[in-house]
Amino acid sequence: MEFVKITVLSAGSLIVMFVLTKIMGDREMSELSMFDYITSITIGSIAAEMATSLEDDFRRPLLAMVVYAVICIGISFATCKSIRLRRLFEGHSLILYQNGKIYEKNMLKAKIDVDEFLSLCRVCGYFDLSEVHTAILESNGKLSILPMVKNRPVTPEDMNLNPTQSFPMSNVVMDGKILQTNLQWAGKNEAWLEKQMHAQGIKDIKEVMLATCDSSDGQLNIYVKVQNASKNDMFL
């Protein structure tokens, strides 16, 4: 009986955590601030206690999870309105390097040494510090780099070009099924889709794993399914 109770409570705690995370926002899963990190760990610990509370009332840890979530949501709204609260709970960016100068106090404040700083620069694609004009440590722990003008990528504006603005690709077919809403958003219909597929030698839509449409030029990109494993898998 205890195993059944543990199974039910574990499933229930996962569902509650999923719902609370969705309510608190997608940022809980991506770029965590220090406060979000602490809250997430606490809610996870309470959920584990809820799953194994065989003798105690499971409603207590459930209530505690909801209270933590409500507090987190309240603070999120408050930080959207107040810059001071935003700096308190989310922190602020730090300039670690600028124009040949390393700011030691900011490095100490960020608890980052020179070796780690150089490692973060390499992760961003800069192996030579002379190519970097400014390096900023963001509040989420990631490093943002402004390169020297001579080392930044060439833009169309630099070459006096006026390229056509591109738009996000629309997934119009996925797993052999037509996504009607996306197809309409791209300004196309099923007749156009079938014509494009036949032009590319696709007879059955079930052969298509993914098809994307570029709404700027109306081009359809088709990616077919392959049932067999790749014989040239370089990662094995």
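Predicted, not measured: the structure shown is a model, and the values here were computed from it. (Residues numbered from 1 in each chain as written. Predicted model: local features only at pLDDT ≥ 70, side-chain atom pairs only at ≥ 80, totals over all residues. Heavy atoms only, no water.)

1. Here we look at the side chain of T134
Considering the arrangement of structural elements, one finds T134 in strand β3 (residues 132-137). Take T134: its relative accessible area is 6%, and that puts it in the buried class. Among the polar contacts listed, one links the side chain of T134 to the side chain of Q98, at a separation of 3.4 Å. In contact with T134, other than residues within four places in its own chain, are I95, Y97, Q98, S144, I145 and L146. (Helix = DSSP H or I, 4+ residues; strand = E, 2+ residues; numbered from the N terminus. Buried < 20%, exposed > 50% of the residue type's maximum accessible area, 1.4 Å probe, protein only. Polar contact = N/O pair within 3.5 Å; in protein donor to acceptor, adjacent residues only side chain to side chain. Contact = heavy atoms within 4.5 Å.)

2. A few points about the sheet that holds strand β1 (residues 94-98)
Taken together, four strands build an open sheet; the order of strands is β2-β1-β3-β4 and the sheet is antiparallel. At either end of the open sheet lies a strand with only one pairing partner, and these are β2 (101-102) and β4 (143-147). The pairing of β1 with β3 spans four bridges and is antiparallel. Note on β3: the bridge partner recorded for I95 is I136. Docked against the sheet, helix α6 (residues 114-123) engages β1, β3 and β4, running at close to 70 degrees with respect to β4. (Pairing = 2+ DSSP bridges. Axes fitted to C-alpha atoms, helices over the stretch in contact; angles between N-to-C directions.)

3. So, unusual backbone geometry
Despite not being glycine, K111 has its phi angle at roughly 60 degrees, a positive value. Even without being glycine, D175 reaches a positive phi, approximately 55 degrees. Relative to the helices and strands, D175 is located in the loop between β5 (170-174) and β6 (177-178). Given the relative accessible area of 46%, D175 is considered partly exposed.

4. Let's talk about the sheet that holds strand β7 (residues 208-214)
Strand order across the open sheet formed by four strands is β6-β5-β7-β8, with antiparallel pairing between neighbours. If you trace the sheet from one side to the other, it starts and ends with β6 and β8 (219-224), each paired once. Of the pairings in the sheet, the one linking β5 to β6 comprises two bridges and is antiparallel in character. Among the inter-strand pairings, V173 is bridged to a residue of β6, identified as I178. Contacts from helix α8 (residues 190-199) reach β5, β6, β7 and β8, with the element oriented near 60 degrees to β8.

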